[in-house]
Amino acid sequence: MTIKRLFEEAGRLLSGVGLEGVRIGPPRSPEFGEAFTPYPFEEARRSGGNPLELARDIASKLGRGELIERVEAAPPGYINFYADWRRFSEYTLSEVFRLGAKDYGGSRDGEGRVVLVEHTSVNPNKALHIGHARNVYLGDTVARVLAKAGYRVYVLNYVDDSGAQMASVLLGFLGLGMPMEPPQGIRFDEYCGDHVYVMVTRRLEQDRSLEERLKALAKRIEEKGSEEFKHARLIADRVLSDQLTTCWRLGARYDLLFRESDVVASGLWAKTFNLLLEKGIIYKAMEGENRGCWCVDLSSHPILSKEGDEILVKSDGSTTYVARDIAFALWKLGESDVKINGRQWGQNPDGTPITITEMDSGTPIVIPKPSLVVTVVGSEQKRPQEVVRYVLSRLGVDGERYIHYSYERVSLSPDSAKRLGVEVVEGRAVQMSGRRGIYFKVDEVLDELKKLAAEEVRKRHGDWPREKVEEVAEAIAQGALRYSILRSEAEKAVVFDLGEAMRLEGDTGPYIQYSVARSYRILEKARDKGIEANPTPYGELAREEKLLIRSISFLPLVIETSARTLRLRQLLTHSREMAVNFNEFYERCPVIEGGEAAPFRLALVQGYIIAQTSAMNLTGIPVLREM
RNA sequence: GGGCCCGUGGCCUAGCAUGGAUAGGGCGCCGGCCUCCGGAGCCGGAGGUCCUGGGUUCAAGUCCCAGCGGGCCCGCCA
């Protein structure tokens, strides 16, 4: 596709003079052409020759190709291939038009193989805060990219409705008499997180005796059929429903909501336990600090062995998170024959159904055995994830199929922390804490952004009705937040600053959205003037036109690399690169008043819209026709 | 103490996987550009020991080693 075809052609030219399998890559700057090879350096090392002379010698033997106009040797020893812009432009644009936004940049690399992506997985006792947004954005974007690359992607959200956090809110309702209904105007998930959870934590600090009640509750939650089990489900379902409203605002979609309580309730854990016992992977500690617990023997693990064995079943008989996660991992990988039942919970904004696990009344959930399971979890959980992977390997499951997509956490800038009334140590970022109420909720940040965007929209479109302003402002807010969070690579810690996130200019989502809105305006004007698009260049192209074609043609390559490496940053960068190239083109190359250039430029604008829409559909930044 | 991650102008950030040509952007600052397809834009300027020191290499921001600084993990929490 597009630039790859030019690479292939460069390869053919080289093999024509007897050089096979030469590495060809994208040059870092347009002045070095559209493809290059450092081959002369490699050859010079082998033969002891001079790289530049070798490059000149080879380049002089290479003729032009169909899309390649000329080949040049460049000091200190590169061979650069330059596009024949007339043909390359026409070829690129016709490919873009042929494929459309849905398929441009897509591939069949995945060959229909199944991939499971688990993300979000927020405890159902609170509203999503800005740190959770990073998980959702990363997971959702990975899912989009893999789908584009031809994989069949299933998206899972693990609903952690058992365990301590759930028990905490339950204690608030059952033990401390907090009302089940939130005050007027407050969403249930916010109520649980902002009020109940924070209150329970405070009471626990004051009254140690509550600890015992909490532990008892945590255990009772695991007992299917108990009052506590049912009550926890009720709360979890209500919170989940609110959380998903937020997730949809973030652009995510799901296929399956897997309740953690069903790992135990379905017998999946029991079966996994027996398997681990049979294989001699776990043992019951009879003495020492783990007395009475079932543990994984980690003594043969090179690193984990230094930190002692991992407890799976506590001395009171309840399971730990790692235990449930091992069982769940086996199921996700298609390595367990335990049937999990489900029923339809609702549907995504795109109309696709969402299933939720439901052991009693549901029907068996069928997911083909995946070739890959990607779990998006914070880097602080690297150790437990490594334990899971280790146990899998002991069970003979290929660990390569189980990927922990790790990301560093989001903390708050000193300025933003101060807004929450938190004491700040001189210039240090502050860790968010659900328990202590130190966080920004996703919805409050989006609402602030929306307000700001709405002001800007009104400045430009005083005549728009309120609903239209709202709709557009919402899309701008979504694009701005998504871009600002996805902007940093996953392994880089992010310091969230409200002021910084509120920017709508510069290196932001709205910058990209704006370039597309401008494009649509040109299309409208061209239609009024009766200009017909034509992908055949009118003559020698302007620099800005070449650069725009160039970045459009590179998009498929970037998407392919993203799908292979699961690094998303380069996709964002390239999407922005195309927008920059478009804005420069916009400034220098008039379309409507372009005279003989008008038909070609119009085609270029159309091509830009298609390519950029394709990119934005992957990065999840909403496309706007006007803003 | 052991393990993982990060360290690029005042601030934020790309490039590191696959070493390659003058280290790209953005914010902020200074100066320009709307009778001309939307100024959420464009053009120009100032600002850099790519944390430090070694090593590998024809070539290191990129790979290796050591150190320094910051974050995270090492719980019968998740």
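See the structure printed just above.
The rules behind these values
Residues numbered from 1 in each chain as written. Chains lettered and ligands numbered in written order. Predicted model: local features only at pLDDT ≥ 70, side-chain atom pairs only at ≥ 80, totals over all residues. Heavy atoms only, no water. Helix = DSSP H or I, 4+ residues; strand = E, 2+ residues; numbered from the N terminus. Rg over C-alpha atoms; globule rule 2.2 N^0.38 Å. Buried < 20%, exposed > 50% of the residue type's maximum accessible area, 1.4 Å probe, protein only. Contact = heavy atoms within 4.5 Å. Areas by Shrake-Rupley, 256 points an atom, 1.4 Å probe, with all protein chains shown as cover. Lys, Arg positive; Asp, Glu negative; His and termini not counted. Charge placed at Lys NZ, Arg CZ, Asp CG, Glu CD. Pairing = 2+ DSSP bridges. Phe/Tyr/Trp six-rings, centres within 6.5 Å; stacked < 30°, edge-to-face > 60°. Lys NZ or Arg CZ within 6 Å of the ring centre and 35° of its normal. Near = heavy atom within 4 Å. Polar contact = N/O pair within 3.5 Å; in protein donor to acceptor, adjacent residues only side chain to side chain. Nonpolar A, V, L, I, M, F, W, Y, C, P; charged D, E, K, R; others polar. Salt bridge = Lys/Arg side-chain N within 4 Å of Asp/Glu carboxyl O.

## Brief notes about the overall build of chain A
Here comes step 1: When helices and strands are counted, chain A shows 21 helices and 17 strands.
Here comes step 2: Whereas a compact globule of 627 residues would reach a radius of gyration of roughly 25 Å, chain A reaches 28 Å, a difference of no more than 12%.
Here comes step 3: On the principal axes, the C-alpha backbone points of chain A span a range of 80 × 70 × 55 Å.
Here comes step 4: Here chain A, with 627 residues, has 56% of them falling under the buried criterion.
Here comes step 5: Partitioning the contacts of chain A with sequence separation of at least 6, the portion at a separation of at least 24 is 73%.
Here comes step 6: Working note: accessible area of chain A is about 27700 Å², and carbon and sulfur atoms make up 47% of it.
Here comes step 7: Where the 86 positive side-chain charges of chain A centre and where its 91 negative ones centre are 1 Å apart.

## A closer look at the pairing of strand E3 (residues 78–83)
Here comes step 1: The buried count for E3 comes to five of six residues, which makes it a mostly enclosed element.
Here comes step 2: Where strand E1 (residues 35–37) meets E3, three bridges bridge the pair, whose relative direction is antiparallel. Residue Phe-36 lies in a different strand from E3, and its bridge partner there is Asn-80.
Here comes step 3: Bridge count for strand E2 (residues 68–74) against E3 is six bridges, and the pairing is antiparallel. Its bridge partner lying in E3, Glu-72 is registered against Asn-80.
Here comes step 4: Taking the residues that link successive antiparallel strands as the turn, the E2-E3 hairpin has three residues, and the phi of Gly-77 there is positive, at about 155°.

## Observations regarding the packing of aromatic side chains
Here comes step 1: Applying the stated criterion to the full structure yields 18 aromatic pairs.
Here comes step 2: Over the ring of Tyr-82 we find Arg-70; its NZ or CZ atom is 4.0 Å from the centre of that ring.
Here comes step 3: Here the basic side chain of Lys-468 rests over the ring of Trp-464, its NZ or CZ set 4.3 Å away from the ring centre.

## Considering the protein's contact with RNA strand B
Here comes step 1: Among the 72 residues in the neighbourhood of RNA strand B, the closest are listed as Glu-31, Tyr-78, Asp-160, Lys-314 and Tyr-586.
Here comes step 2: Within 4 Å of the protein, the atoms of RNA strand B are drawn from sugar and phosphate moieties in a proportion of 61%.
Here comes step 3: With respect to RNA strand B, the side chain of Ser-315 contributes an N or O atom lying 2.7 Å from a base nitrogen.
Here comes step 4: Counting residues per element, the surface near RNA strand B draws most heavily on helix H20 (residues 569–588), which supplies eight residues.
Here comes step 5: Here the surface near RNA strand B is built from residues that sort into 25 nonpolar, 12 polar and 35 charged.

## Some points on the pattern of salt bridges
Here comes step 1: In the structure shown here, the tally under the stated rule is 55 salt bridges.
Here comes step 2: Arg-383 is the partner of Glu-310 in a salt bridge, and the nearest nitrogen-oxygen pair spans 2.4 Å. Here Arg-383 lies in helix H13 (residues 382–394) and Glu-310 lies in strand E9 (residues 310–313), a separation of 73 residues in the sequence.
Here comes step 3: By relative accessible area, Glu-310 is classed as buried at 13%.
Here comes step 4: Linked through salt bridges whose partners overlap, the residues forming this network are Arg-187, Asp-189, Arg-249, Asp-443, Asp-447, Lys-450, Glu-470 and Glu-474.

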